[in-house]
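Geometric and topological summary
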Amino acid sequence: MTQSMTEFETQLIALRPKLHRYCARMVGSALDAEDIVQDGIAAALRKLPSQTVRNPESWLFRIVHNRALDHLRRAENVPMLPLPEDPIDEDSPPPFEQKEMATFALSIFMQLTPLQRCAVILKDVMGYSLSEVSELLDLSVGGVKSALHRGRDNLKQISAREPTTQRIEIKDNQRALLKDYVQRFSTRDFDGIRARLLEDVELELVHRIQSKGAKRVGRYYSNYEAVDLFSVVPCSVEGRLAMHVTDEVGAYFVLLNWCDDRLSAIKDFRYARYVCDSVEVTFL
């Protein structure tokens, strides 16, 4: 090991948004991507004491990348086969600009083959050079160029068609529960919210704490009681019920689950706001 655990953990904080941005587009879900990144980082921390790590970014990326591929294999059952190293046409589609890339929904990336997806995300989204992409994918530069060419061309064709957005169906009782929660939250009726917690309710304040039980989770709302300025709006995130929050720092969201009329699970992304950069939010 060439650096201390503290130094490595400091680098993790800086790299986490970048790793998430890649994974979200690879697996088509900002929520699944966060789980993959957490799993990859946990694995890296376990390996670190016995590893010699000279390039933490490359090493971490490869670990997270491999977990994203494992996720795709399980979900899609699609092998990661190299493309033929055909000559690249002179009119090969140019790189996408960052603003253009930001308009592509995660579902659009999922219509590319996994290898095309890798190449386009690494080169056009993440900004890696062809040689760096070649090293990360263990593929020749010619193979990367082929994947990149096809991926860019397919993205242009897909994005030119009608958007592939799906209508989110939410049952009336779920919508009512969410709106009631948001209303109580906005009026600071936290005691009213606590009264509606399931006895074994679970809380995850991402990157901070995990807690279980109505009494322990009830303390979570004490922090929000001290916040002066914020607005909250009911929404769905990738089809899941959530509350969108805006405060003096920016925006994030809180996933919410109910069992009958009791709140059973809370997942708060206040300390993982970078997830908002990739997530698809529908306001209700």
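Residues numbered from 1 in each chain as written. Predicted model: local features only at pLDDT ≥ 70, side-chain atom pairs only at ≥ 80, totals over all residues. Heavy atoms only, no water.

1. Quick word on the pattern of salt bridges
This structure, assessed with the given rule, holds 14 salt bridges. Put simply, Arg-196 and Asp-180 hold a salt bridge, and the shortest N to O gap is 3.9 Å. Of this pair, Arg-196 sits in the loop between helix H10 (190–194) and strand S1 (197–205) while Asp-180 sits in helix H9 (residues 172–186), and the two are 16 residues apart along the sequence. We classify Asp-180 as partly exposed; its relative accessible area is 31%. Salt-bridge contacts for Lys-267 lead to Glu-204; the nearest nitrogen and oxygen are separated by 3.8 Å. Of this pair, Lys-267 sits in strand S6 (residues 262–268) while Glu-204 is found in strand S1, placing the two residues 63 residues apart along the sequence. When its relative accessible area of 16% is taken as the criterion, Lys-267 is described as buried. (Salt bridge = Lys/Arg side-chain N within 4 Å of Asp/Glu carboxyl O. Helix = DSSP H or I, 4+ residues; strand = E, 2+ residues; numbered from the N terminus. Buried < 20%, exposed > 50% of the residue type's maximum accessible area, 1.4 Å probe, protein only.)

2. Remarks on the nonpolar core
Counting residues in hydrophobic clusters, the biggest one holds 59 residues, and the most contacted among them are Tyr-22, Cys-23, Met-26, Leu-122, Val-237, Phe-253 and Phe-269. With 9 residues, the single largest contributor to this core is helix H1 (residues 5–27). Counting 29 residues, the second largest nonpolar core, distinct from the first, contains Leu-203, Phe-230, Val-254 and Trp-258. (Core = buried A, V, L, I, M, F, W, Y, C linked by side-chain atoms within 4.5 Å.)

3. Quick word on the side chain of Ser-264
Tracing the chain through its elements places Ser-264 in strand S6. A relative accessible area of 17% means that Ser-264 is categorised as buried.

4. As for the confidence of the model for the protein chain
When the pLDDT values of the protein chain are averaged, the result is 83; 85% of them are 70 or greater. Model confidence for the protein chain, summarised as mean pLDDT per element, is weakest for helix H4 (residues 98–102) at 55 and strongest for S6 at 97. Long-range and interchain partners of residues 80–91, a stretch whose pLDDT sits below 50, account for 25 contacts in this model, where long-range means more than four residues apart. (pLDDT = per-residue confidence, 0-100. Contact = heavy atoms within 4.5 Å.)

5. Considerations on the sheet that holds strand S4 (residues 240–247)
Strands sit in the order S2-S1-S6-S5-S4-S3-S7 across an open sheet of 7 strands; the sheet is mixed. Each edge of the sheet is formed by a strand with only one pairing partner; in this case those strands are strand S2 (209–212) and strand S7 (281–283). With direction set aside, neighbouring strand axes in the sheet form an average angle of 30 degrees. Looking at chain direction, S4 and strand S5 (residues 251–259) are connected through 5 bridges and run antiparallel. Looking at the pairing, Val-245 lines up with Tyr-252 of S5. Packing against the sheet, helix H2 (residues 30–47) makes contact with S1, strand S3 (230–237), S4, S5 and S6, and its axis sits at approximately 100 degrees to S5. Against the sheet, H9 engages S3, S4, S5 and S6, with an angle of about 165 degrees to S3. (Pairing = 2+ DSSP bridges. Axes fitted to C-alpha atoms, helices over the stretch in contact; angles between N-to-C directions.)

6. Here's the deal with the packing of aromatic side chains
A complete count under the given rule lists 13 aromatic pairs for this structure. Plain terms: the ring middles of Tyr-220 and Tyr-221 are 4.8 Å apart, the flat faces sit at 70 degrees to each other, and that makes the pair edge-to-face. A relative accessible area of 5% places Tyr-220 in the buried class. Three or more aromatic residues joined by ring pairs make a cluster, and in this case those are Tyr-181, Phe-185, Phe-190, Tyr-220, Tyr-221, Tyr-224, Phe-230 and Trp-258. The ring centre of Tyr-271 lies 4.0 Å from the NZ or CZ of Arg-208, which sits over that ring. The ring of Tyr-224 has Arg-270 lying over it, and the distance from NZ or CZ to the ring centre is 5.4 Å. (Phe/Tyr/Trp six-rings, centres within 6.5 Å; stacked < 30°, edge-to-face > 60°. Lys NZ or Arg CZ within 6 Å of the ring centre and 35° of its normal.)

7. So, the pairing of S5
Each regular strand displays side chains that alternate between the two surfaces of the sheet. What sits between the antiparallel neighbours S4 and S5 is a turn of 3 residues, in which Gly-250 has the positive phi angle 160 degrees. Bridging between S5 and S6 involves 6 bridges; their strand directions are antiparallel. By the bridge assignment for S6, Leu-255 is matched with Lys-267. Between S5 and S6, which pair antiparallel in sequence order, lie 2 residues; one of them, Asp-260, sits at a positive phi of approximately 60 degrees.

8. Comments concerning helix H7 (residues 130–137)
Within the sequence span of H7, burial applies to Val-133, Ser-134, Leu-136 and Leu-137. On an axial view of H7, the arc spanned by its buried residues comes to 165 degrees, and they lie on one face. Asp-138 sits one or two residues past H7 and shows a positive phi near 55 degrees. (Arc of directions from axis to C-beta.)

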